[in-house]
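Tertiary structure, described
Chain by chain, the residues:
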Amino acid sequence: MSIAERIQRMTARRGFVALVSVACCLLSFDLQAAGTPKRRPAPRQRQQAPIYDVPEATRLMVIAPHPDDEMLSAGGLMQRVLATGGTVRVVYLTNGDGYPEGVQAEDHVESPTAADYRGYGRQRRREARAALAALGFGPSKYSYTFLDFPDGGLCLLTRSYWSERRAAFRSPYTRLDRPPKADVIVPDTEYRGEDLAQELARIIGDFRPTLILVPRKEDQHGDHCAAWFFLADAITSVRRVHPDYSVDVLNYIVHFYSWPFEDEERRLAPPPGLRGGASGWLRFPLTPAEQRTKRAALSRYSTQMLVMDWFLDGFARSNEVFSRPVPFKVMLPSRHNLCCEQ
Ligand SMILES: [Zn+2]
């Protein structure tokens, strides 16, 4: 499903919820008119989520299913970690190349070829590097890794394309079934779930992050939801070898119905109808300078600004929101299709 179709569906659902809300309000108004409630109830205080504080010398690892997810979710948090003596490593699971509408708009072609999709992926990687550089910290403070797994295919890798028992997944866009050699961390890696989980476990074991940021499993994009399960599986593997290893895990969310681009507020409220996990929602306020820098970094994603600037703008607010998952022990493969058809 294209992003536009997804949004249309979300908006339709939201419209239904809004109708129900209006109906409830009208009903409540009628009841009040029929009864005699003399006292006006005190106005409800708008509850603020607690603030997340960055510990000094944090080793932050951000899992980004596509180039731009790291900046949308944590452009401010990454700046704060770097400014307080920490280090950042961004792991891009895919190049974001499986996006027909984006390639059509960028290349002015009606039917993109595999070469067009691959070229689009390379362009998005260049943008990711430029966006990280725009945060204003030297390359010695941060690093990034492109794993080059198939955009739009990660959910299938959690089950159907898990192991060598069957052929590796082949991207319907780039026609590749493995990352290029230059991007491979574990030898012989192909587009299989087992291989992606092993690469993530290797990166975690080497980098030893103290904080990992990863999408929530409730994120309605299949790649984002799958990213959670791959990360959880990888941490479970690392703990088998290093039982003393502990890491703080925070979740972010990017795709959830029509959140967050339907309102014009400067503050980013958590998605309505979604609970804040084990911690409740955590708010991370950005300074005005951090907001300006995040906006400048997002603008480096010109391929994405071309087709959905309104979506990217929805995340350029005065705060970011995170939540903690409940304690987990995940082992893939799953018997169910966890994240497909979200
Ligand atoms: Zn994404």
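Just above, that's the structure.
The structure reproduced in this document is the subject of the present report.

Conventions we followed
Residues numbered from 1 in each chain as written. Predicted model: local features only at pLDDT ≥ 70, side-chain atom pairs only at ≥ 80, totals over all residues. Heavy atoms only, no water. Donors = N, O, S within 2.8 Å, 3.2 Å for Na, K, Ca; no water. Tetrahedral: all angles 85-135°; square planar, octahedral: opposite > 155°, others 65-115°. Helix = DSSP H or I, 4+ residues; strand = E, 2+ residues; numbered from the N terminus. Buried < 20%, exposed > 50% of the residue type's maximum accessible area, 1.4 Å probe, protein only. 1 Å grid on protein atoms, 1.4 Å probe; cavity = no way out; pocket = protein on both sides within 12 Å on 5 of 7 lines; lining within 4 Å. Points joined across faces, edges and corners; volume = space filled by probe spheres on them. Disulfide = S-S within 2.5 Å. Salt bridge = Lys/Arg side-chain N within 4 Å of Asp/Glu carboxyl O. Phe/Tyr/Trp six-rings, centres within 6.5 Å; stacked < 30°, edge-to-face > 60°. Core = buried A, V, L, I, M, F, W, Y, C linked by side-chain atoms within 4.5 Å. Contact = heavy atoms within 4.5 Å. Pairing = 2+ DSSP bridges. Axes fitted to C-alpha atoms, helices over the stretch in contact; angles between N-to-C directions. Right-handed = clockwise from strand over helix to strand, strands pointing away.

Turning our attention to the coordination of the zinc ion. Reference values for coordination geometry: four tetrahedral donors around a metal ideally subtend 109.5 degrees, six octahedral donors ideally subtend 90 or 180 degrees. At the metal site, the zinc ion is ligated by His66 (ND1), Asp69 (OD), Asp69 (OD) and His224 (NE2), and these contacts range over 2.1 to 2.6 Å. Geometry at the zinc ion is irregular, judged from the four donor atoms that bind it and their angles of 53 to 144° at the metal. Sequence spacing of the donors to the zinc ion: H-x2-D-x154-H. Remark: His224 occurs in helix α7 (residues 222–241) and His66 occurs in the loop between β1 (59–64) and α2 (69–83); sequence separation between them is 158 residues. A single burial state applies to His66 and to His224, both of which are buried.

Let's shift gears to empty space enclosed by the protein. Throughout the structure, instances matching the rule amount to two cavities of 30 Å³ or more. The calculated volume of the largest cavity comes to roughly 50 Å³. Taken together, Leu72, Ser73, Tyr252, Ile253, Trp259, Leu268, Phe315, Glu320 and Val321 form the lining of the largest cavity. Breaking the lining of the largest cavity down by element, the ones donating at least two residues are α2 and β7 (319–322).

Before going further, it helps to examine the state of the cysteines. Enumeration according to the criterion identifies two disulfides in this entry. One disulfide in the model links Cys155 with Cys340; its S-S distance is 2.3 Å. In this structure, the disulfide formed by Cys155 and Cys340 twists by about 110° around the S-S bond and is classed as right-handed. Of this pair, Cys155 sits in helix α5 (residues 154–157) while Cys340 sits in the segment after β7, placing them 185 residues apart in sequence. Cys225 shares a disulfide with Cys339; S-S distance 2.1 Å. Note on the Cys225 and Cys339 pair: the S-S dihedral is about -65°, so by sign convention the disulfide is left-handed. Here Cys225 is found in helix α7, whereas its partner Cys339 is found in the segment after β7, with 114 residues between them in sequence. Here the two residues Cys225 and Cys339 agree in accessibility, since each one is buried. Take the cysteines of the protein chain that form disulfides and number them in order along the sequence; they join up as 1-4, 2-3.

So, on to the pattern of salt bridges. One pass over the full model with this rule turns up twelve salt bridges. The shortest N-O distance in the salt bridge between Arg80 and Glu290 comes to 2.6 Å. Of this pair, Arg80 sits in helix α2 while Glu290 sits in helix α8 (residues 288–298), and the two are 210 residues apart along the sequence. Assessed through its relative accessible area of 22%, Arg80 is described here as partly exposed.

Right, let's talk about the packing of aromatic side chains for a bit. Enumeration over the complete set of coordinates arrives at 14 aromatic pairs. Each ring, one from Tyr99 and one from Tyr120, has its centre 6.5 Å from the other, and the planes form 75°; the classification is edge-to-face. On the criterion of sequence distance, the pair formed by Tyr99 in the loop between β2 (87–94) and α3 (100–107) and Tyr120 in helix α4 (residues 114–133) is long-range, its members being 21 residues apart. Comparing Tyr99 with Tyr120, the two get one shared label, buried. Seen from their ring centres, Trp162 and Phe230 are 6.4 Å apart, and the 10° between their planes marks the pair as stacked.

Moving on, we come to the nonpolar core. Leu60, Met71, Leu77, Met78 and Leu213 are the most contacted members of the largest nonpolar core, which has 51 residues in total. In terms of residue count, α2 provides more of this core than any other element does, seven residues in total. Among residues more than four places away in sequence, those in contact with Leu60 are Leu77, Met78, Val81, Thr87, Val88, Arg89, Phe207, Leu211 and Leu213. Formed by 41 residues, the second largest nonpolar core is a distinct cluster that contains Tyr161, Tyr191, Cys225 and Ala232.

What follows is about the sheet that holds strand β4 (residues 211–215). To summarise the sheet geometry, strands pair through backbone hydrogen bonds and adopt either a parallel or an antiparallel arrangement. If you trace the five strands from one edge of the open sheet to the other, you get β3-β2-β1-β4-β5, paired in parallel fashion. Each end of this open sheet is capped by a strand with a single partner; those strands are β3 (142–149) and β5 (248–252). Mean inter-strand twist for the sheet, computed between neighbouring axes without regard to direction, equals 15°. Direction of pairing for β2 relative to β3: parallel, over a ladder of six bridges. By the bridge assignment for β3, Val90 is matched with Tyr144. Strand contacts of α2: β1, β2, β3, β4 and β5, with the helix running at about 165° to β2, the strand carrying the most contacts.

In terms of burial, β2 is largely enclosed, as seven of its eight residues are buried. Note: β1 against β2, six bridges, orientation parallel. Bridge pairing links Met61 to Arg89 in β2. Running through α2, the crossover from β1 to the neighbouring parallel element β2 is right-handed.

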